[in-house]
Amino acid sequence: MVLRATSVWVLLKRLRSARSVSHCSWRWNSSSARERVIQYTVGEKIHGFTVNQVTAVPELFLTAVKLNHDNTGAQYMHVARDDPNNLFSVQFRTTPLNSTGVPHILEHVVLCGSEKYQCRDPFFKMLTRSLSTFMNAFTASDYTMYPFSTQNSKDFQNLLSVYLDAVFFPCLRELDFWQEGWRLEHDTPDDPSSPLVFKGVVFNEMKGVFANNENVYAQHLQNKLLPDHTYSVISGGDPLHIPKLTWEELKHFHATHYHPSNARFFTYGDLPLEQHLKQIQEQALGKFQKIEPDTSVPIQPRWSEPREYHVTCGPDSMVPDPVKQTTYSVSFLLDDITNSFEAFTLSLLSSLLVSGPNSPFYKALIDARIGTDFAPVVGYDGSTREACFSVGLQGIAEQDVKTVKQIINKTIDEVIENGFEEERIEALLHKIEIQLKHQTTNFGLALASYVATNWNHDGDPVEVLQISEKVARFRQSLKDNPRFLQDKVKHYFKENPHQLALSMSPDEGYLENQTKVEQGKLQEKISSLSMEEKKEIYEKGLELITAQSTPQDVSSLPALKVSDIQRTFPLTPVEMAYVGGEVPVQYCSQPTNGVVYFRAFTSLNTLPEDLKPYIPLFCNVITRMGCASLNYRQLDQLIELKTGGMAASPKILQDIDDLDMYEQGVLFTSLCLDRNLPDMMQLWTDIFNSPHFDDEEHLRVLVMMAAQELSNGIPDSGHQYAAVRAGKTLTPAGNLGEMFDGLSQVQQMKRIAEMPELVTVLRRLPRIKLHLMTNENMRCSVNAAAQEIPEMSKEVEKFIRNVPGFGKKKKDRKLIRSNITEKLLNPEEAGGEVSGGSRATKKLVSEPTFKACQMKTHFQLPFPVNYVSECIRTVPYMNPDFTSLRVLARLLTAKYLHREIREKGGAYGGGATLSHSGLFSFYSYRDPNSLDTISVFRRSVDWAKMGKFTAEDIDEAKLSVFSVVDAPVAPSDKGLDRFLYGISDEIKQKRREQLFAVDHDGLVEVANKYLTTGHSTCGAAILGPENESIARDPTWVQR
Ligand SMILES: [Zn+2]
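Keep in mind that what you see is a predicted model, and the values were worked out from it rather than measured. (Residues numbered from 1 in each chain as written. Predicted model: local features only at pLDDT ≥ 70, side-chain atom pairs only at ≥ 80, totals over all residues. Heavy atoms only, no water.)

Remarks on the overall build of the chain
And then number 1: In terms of regular secondary structure, the chain is built from 34 helices and 32 strands.
And then number 2: Here the C-alpha radius of gyration of the chain, 28 Å, is about what a compact globule of 1039 residues would show, namely 31 Å.
And then number 3: Principal-axis analysis of the C-alpha atoms places the extent of the chain at approximately 85 × 75 × 65 Å.
And then number 4: Within the chain, buried positions represent 61% of all 1039 residues.
And then number 5: Look at the contacts in the chain between residues 6 or more apart in sequence, and 81% of them connect residues 24 or more apart.
And then number 6: For the chain, the exposed area adds up to about 38800 Å²; of that, 50% sits on carbon and sulfur atoms.
And then number 7: Each charge class in the chain was averaged separately, 111 positive and 128 negative side chains, and the resulting centres sit 3 Å apart. (Helix = DSSP H or I, 4+ residues; strand = E, 2+ residues; numbered from the N terminus. Rg over C-alpha atoms; globule rule 2.2 N^0.38 Å. Buried < 20%, exposed > 50% of the residue type's maximum accessible area, 1.4 Å probe, protein only. Contact = heavy atoms within 4.5 Å. Areas by Shrake-Rupley, 256 points an atom, 1.4 Å probe, with all protein chains shown as cover. Lys, Arg positive; Asp, Glu negative; His and termini not counted. Charge placed at Lys NZ, Arg CZ, Asp CG, Glu CD.)

Below you can see the structure in the form of structure tokens.
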């Protein structure tokens, strides 16, 4: 389920839920950065700017300063907060009136080189010259944003310089426009007899985006609900319209939209504001004079009666029921989002209407089991100037559209009549409280995204942040008028003629038709070409290849050096305790803002093999079926009222010493406010002791939703599914990984969803519970404020003492596998005194006879692009070569794969990674090529073996590894590596030293030693359309 119209096209990909209020505070008890800025006075002039507002927002531990640039009118907001993860962002209002994707292509092209930084692609080159914790750019429906974050002040200045030059002084070279936007080129560029085809990064990216039917639906919905201005077009670009865009139009769009007078700057963190202002003034704004940008979005003229549309999409081969593939929803246009209290109220109201099994629309639509899940766009969407609310279903039969419509209308009437239970409103306000306190590592980015849309339409970004004030006003409004929410429902839903009913169903010929239209446009273009122009196209193709292959002088780009990196890192002390001498609990004291985080890990070692494929389903439903005296609705209500979430997920923990060993289990995670810990632990006790497994109807609902969600997720995570598949035959953990997280699991869930009866499935769940939810091989962890821990430990101990099996004499449950190896969880603990005489151990499955073998799988799926992966079995985390391989993966990505797969190949992305799994994985994302990309992977290894990289290349690769190693970790997640994998700070420090020491010879050596692809160590997988070459190759398995 996507809660937001996916109108934000992310460059590197991430960021989905900017709408939710996410929060954190780093060193929340100090306040130096905030104290510094509170000194500013309104009217004060600083480096060409004038301060016009200073506001403390205590609930978010921040102070906001608003300024205006005197000469250009550029707007600026600084958020001072004692968080070292500083963020910068500049956003422009970009309001296109056609679907050529001009703002999106421009977003790509400005990052390809600028006046001061002429080399090709400085943006990607900075990824390896910086310790950035985030670097990206994205195009929304009505703005384009360029954010970065870093914890290092020198790095901040470097990146700021590159970003400012990119957006205000880009080269906008024609070659870059061809590469990133679209071009005609010979299929094989140096062979003029090969056919001419469309190429380009954005062209392929958008094909990939619309391979996902959820995106198709969300796009149509926005276009049709707001049909009179910029929201009626596709800002990301329609692949069939992109080839209409000219280079001149691109340059014109830049000149009129990327001007300071149309810009909003945002900075966040503990670095001083003056320095930012000075640099921005000197390097950019000082060179401009004010213009009147004509970019605002007018209010949508309201309809006098509802409208209805039907659209088609491609078929989905993975959906649970092929005859039920229709999506239908009704959307209502709401109020202007710059009215921030109304927006806040309407988003709360939307949650009350659609969130969770106690909401009226869930009861009426989901529990009616007409469809598989809510429609892809559901609830409040504030990403346009006027917000909207949508509700409906996907996975319904065509003839059920009418029924859904009736249910929606009836539900609205009932809500107007009955209102909401007070307890649900309280639960929602509790959720806001816990979200305000729960700390994330990218708070600056969350803030920038949270205020972006409102600010974009000249709303007040500070007002948006004053959440406590809004909560108070909301409570007061309810008190003054008990029908406050019902009146809103009446006004915005019942009596609102501006509503859109949109249905979508698949058309077997959809893809074929799309291809035909594209071919038609291609032929049209080709037939209009003169001989001269054809020759030019051929030459341009060669020119582009030459440019892509020419080594770049990057010396003008600023860079951090390896010597700027700290040799050591801050330690995370933890304490171990043992309940009853058997269950270890790791306590990690952290400044958590009054929130406590509890986790438990339990083992799957005694579980019969036939139950294993059901583990993901079990995890999905265990906290959602009811327990003890609570039915599933009551349980959900209590979870909402007392906690910030309780969940379970399957975990395969690769052993850090041996690739043929791993731990298998389930991780239970939860968080709550300190005061609610007794209630939360009671809920866990009830779930562990008496979960309900009797409601087949509700299980059906959960299964349908899970199957739909998995199926919808494939286009966005295709590279991960490909990598999981490619690793299946390489390690025992990889094999199990495919069962839990791979396409096998998607198919398994689809099979279950198709079963006419779920009784047999239902009967398996208590059997799983019996093996899984016991104290045997259980370990727990708690992250909380130091002073709270003594009190917490009592509650946790009480829970553990009540876990089934606790204190009973072990009757040596027969292990299904005899090959279990016991290891200490914390080896360094071995020498010391341990309370209670116990030590934490883990029981690993070891498969010494496992033989890795090669398997190449092609999953034929109805996508216009491919996701390609190849995996190579290398070494476990503790092996000294692991570090060199990790650096090599970064080096290959930055110096070879990015160029070959993205720039030349036209894929959206590609690279190599090495994770704890010990599998070295190559991947490509939204790739027009398939087998050719596998050849690129191979050639990159040859390139590495020849050692044609410089000391500087190595340093850059190290820097990018360090930016991951030193990425901020939220207080909730501190100590997690130790808890799960047994990776202590001592081990990490040793790795760190090895990382500094990686050198040229070592890299060439590991490339030779491990990356030579033999039959026993390498697997491959491709997800993508029908492919003749693969079909002809008998070494590929077709699925
Ligand atoms: Zn893009």
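What about the coordination of the zinc ion?
And then number 1: Note on the zinc ion: its protein donors are His104 (NE2), His108 (NE2), Glu205 (OE) and Glu205 (OE). The metal-donor distances range over 2.1 to 2.6 Å.
And then number 2: The site at the zinc ion holds four donor atoms, and with the angles between them running 53 to 153 degrees, its shape is irregular. (Donors = N, O, S within 2.8 Å, 3.2 Å for Na, K, Ca; no water. Tetrahedral: all angles 85-135°; square planar, octahedral: opposite > 155°, others 65-115°.)

Points about the pattern of salt bridges
And then number 1: Overall, the coordinates contain 53 salt bridges when judged by the stated rule.
And then number 2: Note that Arg675 and Glu433 form a salt bridge whose closest N and O atoms lie 3.3 Å from each other. Of this pair, Arg675 sits in the loop between strand E23 (661-673) and helix H22 (677-689) while Glu433 sits in helix H13 (residues 422-437), and the two are 242 residues apart along the sequence.
And then number 3: Judged by relative accessible area, which is 54%, Arg675 ranks as exposed.
And then number 4: For Glu609, the salt bridge is made with Lys612, and the minimal N-O distance between the two is 3.3 Å.
And then number 5: Note on Glu609: relative accessible area 36%, which makes it partly exposed. (Salt bridge = Lys/Arg side-chain N within 4 Å of Asp/Glu carboxyl O.)

Details of the packing of aromatic side chains
And then number 1: With the rule as written, the count across this model stands at 39 aromatic pairs.
And then number 2: Seen in terms of ring centroids, Phe688 and Phe799 are 5.2 Å apart; in terms of plane orientation they differ by 90 degrees. Their pairing is edge-to-face. Within this pair, whereas Phe688 is found in helix H22, its partner Phe799 is found in helix H27 (residues 789-801), the two being separated by 111 residues in sequence. Here the two residues Phe688 and Phe799 agree in accessibility, since each one is buried.
And then number 3: Relative to Phe937, the ring of Phe922 lies with its centre 5.1 Å away and its plane at 20 degrees, an arrangement referred to as stacked. With Phe922 in strand E30 (residues 919-927) and Phe937 in helix H29 (residues 931-946), this pair connects stretches of sequence that are 15 residues apart. We note that Phe922, like Phe937, is buried. (Phe/Tyr/Trp six-rings, centres within 6.5 Å; stacked < 30°, edge-to-face > 60°.)

Focus: the packing of helix H4 (residues 153-168) against helix H9 (residues 273-283)
Any two packed helices are characterised by how steeply their axes cross, that is the angle between the axes, and by the distance between the axes.
And then number 1: It is at 10 Å that the axes of H4 and H9 come closest, and there the two elements cross at 30 degrees. As summarised for this structure, H4 and H9 are arranged roughly parallel, according to the angle between their axes. Where H4 crosses over H9, the handedness of that crossing is right-handed. Residues Phe156, Gln157, Leu160, Ser161 and Leu164 of H4 form the contact with H9, whose own contacting residues are Gln275, His276, Gln279, Ile280 and Gln283.
And then number 2: For the contact of H4 with H9, the class distribution of residues is four nonpolar, six polar and no charged. (Axes fitted to C-alpha atoms, helices over the stretch in contact; angles between N-to-C directions. Parallel < 35°, antiparallel > 145°, perpendicular 65-115°, else oblique. Left-handed = near helix turned anticlockwise from the far one by under 90°. Nonpolar A, V, L, I, M, F, W, Y, C, P; charged D, E, K, R; others polar.)

Digging into the pairing of E23
Along a regular strand, successive side chains alternate from one face of the sheet to the other.
And then number 1: Across the 13 residues of E23, 12 count as buried, placing the element largely inside the fold.
And then number 2: Pairing between strand E21 (residues 595-603) and E23: nine bridges, direction antiparallel. Each residue of the ladder has a partner; that of Ala600, found in E23, is Phe668.
And then number 3: In the sheet, strand E22 (residues 645-654) pairs with E23 via 10 bridges, with the strands oriented antiparallel. Opposite Ile652, over in E23, you have Gln664 as the bridge partner.
And then number 4: Connecting E22 to the antiparallel partner E23 that follows it, the hairpin turn spans six residues.
And then number 5: Here two bridges tie E23 to strand E26 (residues 841-846), and the two strands are oriented antiparallel to one another. (Pairing = 2+ DSSP bridges.)

Things to note about the environment of Thr50
And then number 1: Relative to the helices and strands, Thr50 is located in strand E3 (residues 49-57).
And then number 2: For Thr50, a relative accessible area of 15% puts it in the buried group.
And then number 3: Thr50 sits 343 residues away from Leu393 along the chain, and the two C-alpha atoms are 50 Å apart.
And then number 4: Ignoring anything within four residues of it in the chain, the contact list for Thr50 reads Gly43, Glu44, Lys45, Lys66, Leu67, Asn68 and Asp70.

Topic: the sheet that holds strand E29 (residues 909-914)
And then number 1: One open sheet accounts for six strands, arranged E29-E30-E28-E31-E27-E32; its pairing is mixed. Pairing within the sheet leaves two strands with one partner each, and these edge strands are E29 and strand E32 (1036-1038). Here the strands of the sheet are splayed against their neighbours by 15 degrees on average, with no regard to which way each runs.
And then number 2: When strand E27 (residues 856-860) meets E32, the two strands line up parallel, connected through three bridges. Paired with His858 across the strands is Gln1038, a residue of E32.
And then number 3: Its contacts with the sheet put helix H23 (residues 696-726) on E27, strand E28 (866-873), E30 and strand E31 (1018-1024), and the angle it makes with E28 is roughly 25 degrees.

What to know about the side chain of Gln748
And then number 1: As for its placement among the helices and strands, Gln748 is situated in helix H25 (residues 743-754).
And then number 2: Owing to a relative accessible area of 9%, Gln748 belongs among the buried residues under this scheme.
And then number 3: Other than its neighbours up to four places away in sequence, Gln748 contacts Pro613 and Tyr614.

Focus on the nonpolar core
And then number 1: Counting residues in hydrophobic clusters, the biggest one holds 143 residues, and the most contacted among them are Phe266, Phe361, Phe493, Phe598 and Trp684.
And then number 2: Not counting residues within four places of it along the chain, the set of residues in contact with Phe266 comprises Met77, Val79, Leu87, Phe88, Ser89, Gly444, Leu447, Ala448, Val451 and Trp455.
And then number 3: Val51, Tyr76, Phe203 and Cys313 belong to the second-largest nonpolar core, a separate cluster that totals 92 residues. (Core = buried A, V, L, I, M, F, W, Y, C linked by side-chain atoms within 4.5 Å.)

Here's the deal with the state of the cysteines
And then number 1: Tallied over the full model, the rule gives zero disulfides.
And then number 2: With no disulfide of its own, Cys388 lies closest to Cys313 among cysteine sulfurs, the gap being 20 Å.
And then number 3: Assessed through its relative accessible area of 6%, Cys388 is described here as buried.
And then number 4: Among the cysteines around Cys627, which has no disulfide bond, Cys672 carries the closest sulfur, lying 15 Å off.
And then number 5: Residue Cys627 is classed as buried on the basis of its relative accessible area of 0%. (Disulfide = S-S within 2.5 Å.)

Observations concerning the pairing of E29
And then number 1: Most of E29 is tucked away: five of the six residues are buried.
And then number 2: One ladder, built from six bridges, connects E29 with E30; its direction is antiparallel. Pairing of Thr913 across the sheet is with Ser921, part of E30.

Remarks on helix H18 (residues 510-527)
And then number 1: Relative to the 26 Å expected for 18 residues at 1.5 Å per residue, H18 spans 25 Å between its end C-alpha atoms, a close match to the ideal helical length.
And then number 2: Among the residues of H18, those classed as buried are Tyr510, Glu518, Leu522 and Ile526. All buried residues of H18 project into a common sector of 150 degrees when viewed along the axis, lining one side. Of the exposed residues in H18, those oriented more than 90 degrees away from the buried face are Glu512, Lys516, Glu524 and Ser527.
And then number 3: Check the buried side of H18 and you find it contacts strand E10 (183-186), strand E11 (196-199), helix H6 (201-209), helix H7 (213-225), strand E13 (307-313) and helix H19 (531-549). (Expected span 1.5 Å × (residues − 1). Arc of directions from axis to C-beta.)

Some remarks on the environment of Asp985
And then number 1: The topology assignment puts Asp985 in helix H32 (residues 985-997).
And then number 2: In this structure Asp985 comes out as buried when scored by relative accessible area, which is 9%.
And then number 3: Apart from residues lying up to four places away in sequence, Asp985 is in contact with Phe569, Leu571, Thr572 and Arg978.

Observations concerning H25
And then number 1: Helix length check: H25 (12 residues) gives 17 Å between terminal C-alpha atoms against 16 Å at 1.5 Å per residue, within 8%.
And then number 2: If you check which residues of H25 are buried, you get Leu743, Gln745, Val746, Gln748, Met749, Lys750, Ile752 and Ala753.

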